[in-house]
Amino acid sequence: MSIRYSALVRAVLPAYIRTVHELPIISRVLELALAAAPRDARISRVNLRVGSLCDAEPLWLERYFRIAARGTSAEDAELVVSRDGTVKPENAARTPDSAFGYVLESIEVRDPPERTTI
Amino acid sequence: MNGSTRIIDVQAAVLGDNDGLAAELRGSLSERGIFLVNVMGSPGSGKTSLLEALLPLLSPPLRPAVIEADLDSRVDADALEARGWRAVQLRTGGFCHLDAFMTRRGLQELGLLPAELGVSDGEHYPGGTAADPIFDIVFIENVGNLICTAQVDTGAHLNLALLSVPEGDDKPLKYPVMFAKADAVVVTKADYLDRESFDVNEVGRRVQGIRPDSRIFPVSARDGSGLTELARFLLERVRI
């Protein structure tokens, strides 16, 4: 369990909504996004691909992202969730593991303005 | 003046670190002859009762231990320890499932992995030695949940999904991911079959429609029916 996740659930969320798996997933997405962003850049968009058989609700992912990103360089970022919808549940056992996975595809960053010297 | 905007390609598996550790745990345990079973099911499906009834059928020849995972309390670990089994309780706090990192902690508490170091470093193990551990089958009793627990690799060699008769036979249709991940489905509380409109054959068809190689075991921890078949299945899997 990451430090960020633990702090988040204790500080922000009431007990009745802690028991969802979207929260640790989004916490890890944020960690990966922050690690990939250059220093001093602001993250403006995070593109997350969700496997077709993942039981993750985009609405909750987006809500938790907004909470988790507070105070970070991603706090104004938009989380864009795309779901691969090609696999039907009845074919679950015959699908590759990617159908159950989450991939942080890319981030959009805004570099700080260049300083001009007079 | 605004700075420039650009896209950075990342392509990172969000659960990649967990999946890597799960594979590492599985390999390390296999090398030392320890078989890890992940028991999943709804709250009240009978996970603890199943273990209480099943462990005496496995020991001997096996030497079992249990990792209990719950949001809070150590009720289940206490129940098993009262019957003389070694059990550790993990409190998951806000977590709705067990992941490989928590499994590692449970294995450490059982003395099957060194407390602070990596998975296989040759150090002395309190629960026997690295080469001769004192347990050879470990059950994870996962958090009661049919959704989240199926999403995350714990490092187990075998996944069991429990479906109790009072829950209804439609659960494979509603929670296909759980039944796709399960190597076997244990229909618990089978002693209620004559009081419920639960069709075991229909469950079998629904489960095998999702996962054709899955096995179905109707059992009752109360009257003991079906437990011998399940124990035999586990013994066969441990020996593979």
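Residues numbered from 1 in each chain as written. Chains lettered and ligands numbered in written order. Predicted model: local features only at pLDDT ≥ 70, side-chain atom pairs only at ≥ 80, totals over all residues. Heavy atoms only, no water.

Some details on the overall build of chain B
- Counting its regular elements, chain B contains 8 helices and 8 strands.
- Looking at the 240 residues of chain B, the share that counts as buried comes to 57%.
- Considering only intrachain contacts with a sequence separation of at least 6, the fraction spanning at least 24 residues in chain B is 70%.
- Carbon together with sulfur atoms contributes 49% to the accessible area of chain B, which is approximately 9,900 Å² in total. (Helix = DSSP H or I, 4+ residues; strand = E, 2+ residues; numbered from the N terminus. Buried < 20%, exposed > 50% of the residue type's maximum accessible area, 1.4 Å probe, protein only. Contact = heavy atoms within 4.5 Å. Areas by Shrake-Rupley, 256 points an atom, 1.4 Å probe, with all protein chains shown as cover.)

Some words on the sheet that holds strand S2 (residues 78-83) of chain A
- Pairing is mixed across the open sheet formed by 4 strands, whose spatial order is S2(A)-S1(A)-S3(A)-S1(B). Only two strands of the sheet have a single neighbouring strand rather than two, namely S2 of chain A together with strand S1 (5-13) of chain B. Within the sheet, the average angular offset between the axes of one strand and its neighbour, ignoring direction, is 20°.
- Taken together, the 7 bridges between strand S3 (residues 102-110) of chain A and S1 of chain B define a ladder with antiparallel strand orientation. Of the residues in S1 of chain B, the one forming a bridge with glutamate 108 of chain A is isoleucine 7 of chain B.
- Sitting on the sheet, helix H3 (residues 58-68) of chain A touches strand S1 (42-50) and S2 of chain A, and the angle it makes with S2 of chain A is about 160°. (Pairing = 2+ DSSP bridges. Axes fitted to C-alpha atoms, helices over the stretch in contact; angles between N-to-C directions.)

A short note on the sheet that holds strand S2 (residues 35-41) of chain B
Residue and element names in this part refer to chain B.
- Sheet architecture is open: 7 strands sit in the order S4-S3-S5-S2-S6-S7-S8, paired in parallel fashion. Two strands close off the open sheet at either side, each with one partner strand: strand S4 (86-91) and strand S8 (215-218). Put simply, the sheet's adjacent strands are angled 20° from each other on average, direction ignored.
- Pairing of strand S6 (residues 158-164) with strand S7 (residues 184-188) involves 5 bridges; the strand directions are parallel. From the neighbouring strand, serine 164 faces S7, where its bridge partner is threonine 188.

Section: unusual backbone geometry
- Of note, the amide linkage connecting serine 59 of chain B to proline 60 of chain B takes the cis form, showing an omega dihedral of -5°.
- You can see proline 60 of chain B is positioned in the loop between helix H2 (47-58) and strand S3 (64-70).
- Residue proline 61 of chain B is reached from proline 60 of chain B by a cis peptide bond, and omega for that bond is 15°.
- Structurally, the position occupied by proline 61 of chain B is in the loop between H2 and S3.
- Despite not being glycine, aspartate 40 of chain A has its phi angle at roughly 75°, a positive value.

Things to note about the packing of helix H1 (residues 16-31) of chain B against helix H4 (residues 100-109) of chain B
All names here are of chain B.
- At a closest axis distance of 8 Å, the pairing of H1 and H4 adopts a crossing angle of 35°. For the pair H1 and H4, the contacting residues are Asp17, Asn18, Leu21, Ala22, Leu25 and Leu29 in the first and Ala100, Phe101, Thr103, Arg104 and Leu107 in the second.
- Taken together, the residues of the contact of H1 with H4 break down into 7 nonpolar, 2 polar and 2 charged. (Nonpolar A, V, L, I, M, F, W, Y, C, P; charged D, E, K, R; others polar.)

What to know about the pairing of S2 of chain B
Residue and element names in this part refer to chain B.
- Extensive coverage of S2 is indicated by the burial of 7 of its 7 residues.
- Alternating residues of S2 divide into Phe35, Val37, Val39 and Gly41 and Leu36, Asn38 and Met40, and every residue in both groups is buried.
- Where S2 lies against strand S5 (residues 137-141), 5 bridges are found, and the strand directions are parallel. Bridged to phenylalanine 35 within S5 is isoleucine 137.
- Pairing of S2 with S6, which is carried by 5 bridges, proceeds in the parallel orientation.

Things to note about H4 of chain B
Residue and element names in this part refer to chain B.
- Turning to H4, its buried residues number three or more, namely Ala100, Met102, Thr103, Gly106 and Leu107. Buried residues of H4 fall within an arc of 155° about the axis and therefore sit on the same side.
- Residues of H4 that are buried sit in contact with H1, S2, S3, S4 and S5.
- Two to three positions downstream of the cap, the backbone nitrogen of phenylalanine 101 sits 3.2 Å from a side-chain oxygen, assigning the N-cap of H4 to aspartate 99.
- With its phi angle positive at about 80°, glycine 111 sits one or two positions after the end of H4. (Arc of directions from axis to C-beta. Polar contact = N/O pair within 3.5 Å; in protein donor to acceptor, adjacent residues only side chain to side chain.)

Side note on the pattern of salt bridges
All names here are of chain A.
- Inspection of the entire model under this criterion finds 20 salt bridges over all chains.
- In this structure, arginine 49 and glutamate 105 form a salt bridge, with 2.6 Å as the shortest nitrogen-oxygen distance. Pair noted here: arginine 49 is in strand S1 and glutamate 105 is in strand S3, with a separation of 56 residues, a long-range link.
- Take arginine 49: its relative accessible area is 32%, and that puts it in the partly exposed class. (Salt bridge = Lys/Arg side-chain N within 4 Å of Asp/Glu carboxyl O.)

Overview of the confidence of the model for chain A
Residues and elements named next belong to chain A.
- For chain A, per-residue confidence averages 77 on the pLDDT scale, and residues scoring 70 or more make up 68% of the total.
- In the model of chain A, helix H1 (residues 3-11) stands out as the element of lowest mean pLDDT, 50, in contrast to S1, which has the highest, 94.
- Here residues 13-19 scores under 50 on pLDDT; set against residues more than four positions off or in separate chains, the count is 13 contacts. (pLDDT = per-residue confidence, 0-100.)

Notes on the environment of leucine 57 of chain B
All names here are of chain B.
- Relative to the helices and strands, leucine 57 resides in helix H2.
- The class for leucine 57 is partly exposed, based on a relative accessible area of 38%.
- Remark: the alpha-carbon pair of leucine 57 and alanine 231, spanning 174 residues in sequence, is separated by 6.4 Å.
- When residues no more than four places from it in sequence are discounted, the contact partners of leucine 57 are Leu227, Thr228 and Ala231.

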